[in-house]
Amino acid sequence: MNKYYIDVITGDGGSQGRVDYTIEADGYQTFESGYYMFYKRSEKNEIITVATFPIARTIITKIEKI
């Protein structure tokens, strides 16, 4: 399991133009359609989506093993 620190650009301008998130997930995937999908795996090894963010507006600032 990892903890992902994410900065999402909202477009509101100034320091208000970003929102910070912390996501706990097993990993993430990128998709050609332009987004990150953060996921956890179930006990049956199924992928469960935790969160999605647009790649063009998302900065992963830190990844921490937990």
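Everything below is about the structure shown above.
This one's a predicted model, so the numbers in the text were calculated from it and none came from an experiment.

A. Representation of the overall build of the protein chain in the model. Within the protein chain one finds 0 helices and 6 strands. Considered along the principal axes of its C-alpha atoms, the protein chain spans approximately 45 × 30 × 10 Å. Put simply, the protein chain has 66 residues, and 24% of those count as buried. A sequence separation of at least 24 residues applies to 38% of the contacts in the protein chain between residues at least 6 apart. Taken as two groups, the 8 positive and 9 negative side-chain charges of the protein chain have centres that lie 2 Å from each other.

B. Representation of the packing of aromatic side chains within the structure. Applying the stated criterion across every chain, the model contains 8 aromatic pairs. Here Y21 and F53 contribute two aromatic rings whose centre-to-centre distance is 5.2 Å and whose plane-to-plane angle is 50°, an arrangement assigned as tilted. Taken as a pair, Y21 in strand β2 (residues 18-25) and F53 in strand β5 (residues 47-54) lie far apart in primary sequence, 32 residues in all. Relative accessible area serves as the criterion here: at 36%, Y21 is assigned to the partly exposed category. Classification of F53 as buried rests on a relative accessible area of 10%.

C. Summary view of the environment of R41. One can find R41 in strand β4 (residues 35-41). Expressed as a C-alpha distance, the spacing of R41 and A25, which sit 16 residues apart in the sequence, is 8.5 Å. Here R41 is in contact with D26, E46 and I47, once residues within four sequence places are set aside.

D. View of the sheet that holds β2. Read across the sheet, 3 strands follow the order β2-β1-β6 without closing on themselves; strand pairing throughout is antiparallel. The open sheet has two edge strands with one neighbour each: β2 and β6 (58-65). The sheet shows a mean angle of 20° between the axes of neighbouring strands, direction not considered.

Reading guide: rules and limits
Here, residues in each chain are numbered from 1, in the same order as that chain's written sequence. The predicted nature of this model means local features are confined to residues of pLDDT at least 70 and side-chain atom pairs, given and counted, to a pLDDT of 80 or more, with totals for whole chains, interfaces and linings taken over all residues. To obtain the side-chain values, all non-hydrogen atoms of the structure were included, while hydrogens and water were left out. Secondary structure elements follow DSSP: runs of H or I no shorter than four residues count as helices, runs of E no shorter than two count as strands, and numbering proceeds from the N terminus. Accessible area is worked out with a 1.4 Å probe on protein chains only. A residue is then buried under 20% of its type maximum, exposed over 50%, and partly exposed in between. When checking whether two residues touch, look at their non-hydrogen atoms; a contact exists if any pair is within 4.5 Å. We count Lys and Arg on the positive side and Asp and Glu on the negative side, and we leave His and both chain ends out. The atom standing in for a charge is NZ when the residue is Lys, CZ when it is Arg, CG when it is Asp and CD when it is Glu. Pairing of aromatic rings covers Phe, Tyr and Trp, the last counted by its six-membered ring, and requires centre-to-centre distances within 6.5 Å; plane angles under 30 degrees mean stacked, over 60 mean edge-to-face, and any other angle means tilted. DSSP calls a pair of strands paired once it identifies at least 2 bridges connecting them. To obtain each axis, a line is fitted to C-alpha atoms, and for helices this fit is confined to the stretch in contact; angles are then taken between N-to-C directions over 0 to 180 degrees.

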